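Remarks on the overall topology
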Amino acid sequence: MEFHVRLDRPIIDPDAIEAAFREIDAAATVAIDPFDGRLRVSSWISIGDLLDVLRGRGRAVEAWQVDQLPSVCCGSCSG
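Quick summary incoming for the structure in this document. (Residues numbered from 1 in each chain as written. Predicted model: local features only at pLDDT ≥ 70, side-chain atom pairs only at ≥ 80, totals over all residues. Heavy atoms only, no water.)

Before going further, it helps to examine the nonpolar core. Formed by 18 residues in total, the largest nonpolar core has its most connected members in Val-5, Phe-21, Leu-39, Leu-50 and Leu-54. Counting residues per element, this core draws most heavily on helix α2 (residues 47-56), at 4 residues. With residues near it in sequence (within four places) discarded, Phe-21 still touches Ala-28, Val-30, Val-41, Ile-45, Leu-50, Val-53 and Leu-54. (Core = buried A, V, L, I, M, F, W, Y, C linked by side-chain atoms within 4.5 Å. Buried < 20%, exposed > 50% of the residue type's maximum accessible area, 1.4 Å probe, protein only. Helix = DSSP H or I, 4+ residues; strand = E, 2+ residues; numbered from the N terminus. Contact = heavy atoms within 4.5 Å.)

Structural data, given as structure tokens:
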């Protein structure tokens, strides 16, 4: 799945956020959209896990701030 998270303030360290997601999903990727500042997360995790990770890193994020998009995975990298 891909998630777009609308944040009330920018992420200070996207690498630390990505490392936190990779504790759950080793293939997770995180990026900051340069145009609108949204956090983009690509991972198989649930929206609840996503919120837990962000909240565990001090980000007060609610479900209404998250847009869940269909998977962009083609399946070819999983073997």
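Alright, that's what it looks like, and here's the rest.
We now examine α2. A turn of α-helix holds 3.6 residues, and therefore any two residues three or four places apart point the same way. All of the buried residues along α2 are Leu-50, Leu-51, Val-53 and Leu-54. The buried side chains of α2 occupy one side of the element, clustering within an arc of 160 degrees when seen end-on. Among the structural elements, β1 (2-5), α1 (14-22), β3 (39-42) and β4 (66-69) are those in contact with the buried residues of α2. Positioned one or two residues after α2, Gly-58 has a phi angle of 80 degrees, which is positive. (Arc of directions from axis to C-beta.)

Where α1 meets α2, the closest approach of the two axes is 10 Å, and the angle between their N-to-C directions is 135 degrees. On the basis of the axis angle, α1 is oblique to α2. In the packing of α1 onto α2, the handedness of the crossing is right-handed. Two secondary-structure elements touch here, α1 through Ile-17, Ala-20 and Phe-21 and α2 through Leu-50, Val-53 and Leu-54. Looking at the contact of α1 with α2 residue by residue, the class counts come to 6 nonpolar, no polar and no charged. (Axes fitted to C-alpha atoms, helices over the stretch in contact; angles between N-to-C directions. Parallel < 35°, antiparallel > 145°, perpendicular 65-115°, else oblique. Left-handed = near helix turned anticlockwise from the far one by under 90°. Nonpolar A, V, L, I, M, F, W, Y, C, P; charged D, E, K, R; others polar.)

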